Amino acid sequence: MKITPYLNFPGTCAEAFKFYAETLGGEITFIQTHGESPMKDMFGPEWKDKIMHATLQVGDHEIAGSDAPLHMFAKPAGFMVTINPKAPEDARRIYAAFADGGEVKMELQETFWTPLFAMVTDRYGTPWMISLEAELPK
């Protein structure tokens with residue numbers, strides 16, 4: 001079984017996924033606008049360039065997303081997407097990128113379970129936890 005986070009955006013999915021691909025070192029493997037979909041006649045012209053579905057591959061993991069019609073869009077709540085960089089410089093770089101224009105919930109810092117941990121909601125409204133992959137103390 002595979003579990004894939006599916007993120008919704010209020011019209012900023014393409015921009016967000018480009019940012020995530022650059023920041024996380026991933027690749028957008030699929031992207032389709034509403035105007036390119038078989039359902040294109042179900043949406044008004046203002047939705048033709050909005051994203052119906054996108055998939056981002058980061059290593060062995062995947063994040064999917066789309067633009068939600070505003071009457072169906074809700075700000076993310078009750079979850080965070082967790083990423084576990086292996087190198088401290090990657091944790092610092094990702095944290096800085098997500099914090100730029102975002103909202104820091106917990107500064108990047110040492111904790112009892114990892115040398116670097118942070119919580120931040122990025123400029124697109126996605127909540128993230130960054131936790132450096134490290135062995136837990138015994």
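The text that follows walks through the structure, step by step, so that each part is easy to find.

Analysis parameters
- Residues numbered from 1 in each chain as written.
- Predicted model: local features only at pLDDT ≥ 70, side-chain atom pairs only at ≥ 80, totals over all residues.
- Heavy atoms only, no water.
- Pairing = 2+ DSSP bridges.
- Helix = DSSP H or I, 4+ residues; strand = E, 2+ residues; numbered from the N terminus.
- Axes fitted to C-alpha atoms, helices over the stretch in contact; angles between N-to-C directions.
- Contact = heavy atoms within 4.5 Å.
- Expected span 1.5 Å × (residues − 1).
- 1 Å grid on protein atoms, 1.4 Å probe; cavity = no way out; pocket = protein on both sides within 12 Å on 5 of 7 lines; lining within 4 Å.
- Points joined across faces, edges and corners; volume = space filled by probe spheres on them.
- Nonpolar A, V, L, I, M, F, W, Y, C, P; charged D, E, K, R; others polar.

### What to know about the sheet that holds strand E2 (residues 27-33)
Across a sheet, strands are paired by hydrogen bonds formed along the backbone, either parallel or antiparallel in direction.
Okay, so step 1: Ordered by their spatial adjacency, four strands build an open sheet running E1-E4-E3-E2, and the pairing between neighbours is mixed. Every other strand in the sheet has two partners, leaving strand E1 (6-9) and E2 as the edge strands with one partner each. Going from strand to strand, the sheet's axes swing by 15 degrees on average, the running direction of each strand aside.
Okay, so step 2: Strand direction decides the pairing type here: E2 and strand E3 (residues 51-58), joined by six bridges, are antiparallel. Of the residues in E3, the one forming a bridge with Phe30 is Thr55.
Okay, so step 3: Together, E1, E2, E3 and strand E4 (61-67) form the strand contacts of helix H1 (residues 13-24), whose direction differs from that of E3 by roughly 5 degrees.

### Quick look at helix H2 (residues 88-99)
Okay, so step 1: Here H2 spans 16 Å end to end across 12 residues, near enough to the 16 Å set by a 1.5 Å rise per residue.
Okay, so step 2: Two residues or fewer past H2, Gly101 is found with a positive phi of approximately 85 degrees.

### Thoughts on the layout of surface pockets
Okay, so step 1: Empty space within the largest pocket amounts to approximately 520 Å³.
Okay, so step 2: Around the largest pocket sit 22 residues that line it, and Val58, His61, Thr82, Ile83 and Asn84 are the ones nearest its centre.
Okay, so step 3: If you list the elements that add at least two residues to the lining of the largest pocket, you get H1, E4, strand E5 (81-83) and H2.
Okay, so step 4: Of the residues that constitute the lining of the largest pocket, the class distribution is 10 nonpolar, six polar and six charged.
Okay, so step 5: Its volume calculated, the second largest pocket comes out at about 230 Å³.
Okay, so step 6: Lining the second largest pocket we find Pro10, Phe73, Lys75, Pro76, Phe79, Met80, Glu103, Lys105, Thr121, Tyr124, Gly125 and Pro127.
Okay, so step 7: Of the residues belonging to the lining of the second largest pocket, the class tally is seven nonpolar, two polar and three charged.

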